[in-house]
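The primary structure of each chain is shown beneath.
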Amino acid sequence: MPESFIQQVVEDPLLSNCDLGLRRLYYPLGFPLEVHTNSRKVIEAASEAWGLFSQSFDITPMRLALGVRETHQAEPLPAKSNFFAREHLLVMIVDADNFVMCDFQQAYSFGWITSALASDFATLRYRLLTPVAVMMAGQLALAPLHSALVARNGCGVVLCGDSLAGKSTLAYACARAGWTYVTDDGTFLVRDRPDRYAVGNAHFIRFREDARQLFPELSKWLAVTRPNGKIGMEVPTRDLKIAIAPGANIEHVVFLDRDHAGPGRLRRCPKDH
């Protein structure tokens, strides 16, 4: 542990004055977010998650102050984080040494993590960085939908369904056929707009391992155990020959149902249902 950090802990046991001098501006889901940290690894992980996004919303930047302590990670991280909220505050606790507190009134979040978590980019993105950005942007302007989103000639279609219903598979199949890909799982309606415009993460698409049987071009990607415990592949869309967009106006909703045998078919769903 660096002597300078030990001295800082002695003089400032709450770490309230720790210098988080590294700063970068990102645009997750199109919203400006300023990251303050003392670790280049946090910057690298944030760049991996959000570096391809461009600004879509002209608002005061949200802020995330994330410090890294050179402490030893003695035990594996718990499988799930704990979330607690009260009024405008929410805390995400991974374990005693890794947490983030969100103040939605100020669009400001801060937390501390270990150097071990900072070095694990995939887990850091999944457990802390992405939830913080999505929740802060959501509180400001969004309404989440558990669905994929694709578009054709400007007409957006959300694909809804339970886990394993095939949302990602069908979204990519549409993109291969000339549709525009917006997101494979997390769609976010922009509130206070009359046109049902929604945004998503168009820069990655996640597949289960068996997707390679349908799409041979995915064979070069290895399936790994992702931070959520599922085995699959996270593929950058820039490596696929598909059109992408940051959002689309939703005109249709499709509910995927794979519980019935037989050929695929499309039927209208009654509004009362």
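Details of the structure are given in the entry above.
First, a word on what this report is: a plain description of the structure on this page.

Along its length, the protein carries 5 helices and 17 strands. For the protein, the C-alpha radius of gyration of 20 Å lies close to 19 Å, the compact-globule estimate for 273 residues. Seen along its three principal axes, the alpha-carbon backbone of the protein occupies a region of about 70 × 40 × 35 Å. Where the 29 positive side-chain charges of the protein centre and where its 29 negative ones centre are 9 Å apart.

Right, let's get into the sheet that holds strand S2 (residues 33–37). Taken in spatial order, the 7 strands make up an open sheet running S1-S2-S3-S7-S6-S5-S4, and their pairing is mixed. The two strands at the open ends of the sheet, each matched to only one other strand, are strand S1 (22–26) and strand S4 (82–86). Across the sheet, the axes of successive neighbouring strands diverge by a mean angle of 15 degrees, strand direction being ignored. Here strand S6 (residues 98–103) runs beside strand S7 (residues 108–114); their pairing, made up of 5 bridges, is antiparallel. Within S7, the position partnered with Phe 99 by the bridge is Trp 112. Those strands touched by helix H4 (residues 121–141) are S2, strand S3 (62–69), S4, strand S5 (89–95), S6 and S7, and its axis lies near 160 degrees from that of S3.

Moving on: the pattern of salt bridges. Within this structure, the stated rule accounts for 9 salt bridges. Residue Glu 48 is joined to Arg 125 by a salt bridge in which the shortest nitrogen-to-oxygen separation is 3.0 Å. Of this pair, Glu 48 sits in helix H2 (residues 40–50) while Arg 125 sits in helix H4, and the two are 77 residues apart along the sequence. Accessibility expressed as a relative area gives 37% for Glu 48, which makes it partly exposed. Between Glu 234 and Arg 125 there is a salt bridge, and its shortest N-O distance comes to 3.2 Å. You can see Glu 234 sitting in strand S15 (residues 231–236) and its partner Arg 125 sitting in helix H4, a full 109 residues away along the chain.

Once that is clear, we can look at the sheet that holds S15. The antiparallel open sheet is built from 3 strands, whose spatial order is S13-S15-S14. The two strands at the open ends of the sheet, each matched to only one other strand, are strand S13 (204–208) and strand S14 (224–225). Direction of pairing for S13 relative to S15: antiparallel, over a ladder of 5 bridges. By the bridge assignment, Arg 206 is partnered in S15 with Glu 234.

What follows concerns the environment of Ser 81. Of note, Ser 81 is situated in the loop between S3 and S4. The buried category is assigned to Ser 81, whose relative accessible area is 16%. C-alpha separation for the pair Ser 81 and Val 91, spaced 10 residues apart in sequence, amounts to 9.9 Å. Beyond its immediate stretch of four places on either side in the chain, Ser 81 contacts Ile 93, Val 94 and Arg 127. A polar atom in the side chain of Ser 81 sits 3.2 Å from the side chain of Arg 127.

Here the structure, examined in full by the defined rule, presents 6 aromatic pairs. Seen in terms of ring centroids, Phe 99 and Phe 110 are 5.9 Å apart; in terms of plane orientation they differ by 90 degrees. Their pairing is edge-to-face. With Phe 99 in strand S6 and Phe 110 in strand S7, this residue pair connects regions lying 11 residues apart in the sequence. Classification of Phe 110 by relative accessible area gives partly exposed; the value is 34%. Members of the aromatic cluster, each reached through a chain of ring pairs, are Tyr 172, Phe 207 and Phe 215. In this structure, Arg 125 is placed above the aromatic ring of Phe 204, and the distance from its NZ or CZ to the ring centre is 5.2 Å.

Criteria and cut-off values
Residues numbered from 1 in each chain as written. Predicted model: local features only at pLDDT ≥ 70, side-chain atom pairs only at ≥ 80, totals over all residues. Heavy atoms only, no water. Helix = DSSP H or I, 4+ residues; strand = E, 2+ residues; numbered from the N terminus. Rg over C-alpha atoms; globule rule 2.2 N^0.38 Å. Lys, Arg positive; Asp, Glu negative; His and termini not counted. Charge placed at Lys NZ, Arg CZ, Asp CG, Glu CD. Pairing = 2+ DSSP bridges. Axes fitted to C-alpha atoms, helices over the stretch in contact; angles between N-to-C directions. Contact = heavy atoms within 4.5 Å. Salt bridge = Lys/Arg side-chain N within 4 Å of Asp/Glu carboxyl O. Buried < 20%, exposed > 50% of the residue type's maximum accessible area, 1.4 Å probe, protein only. Polar contact = N/O pair within 3.5 Å; in protein donor to acceptor, adjacent residues only side chain to side chain. Phe/Tyr/Trp six-rings, centres within 6.5 Å; stacked < 30°, edge-to-face > 60°. Lys NZ or Arg CZ within 6 Å of the ring centre and 35° of its normal.

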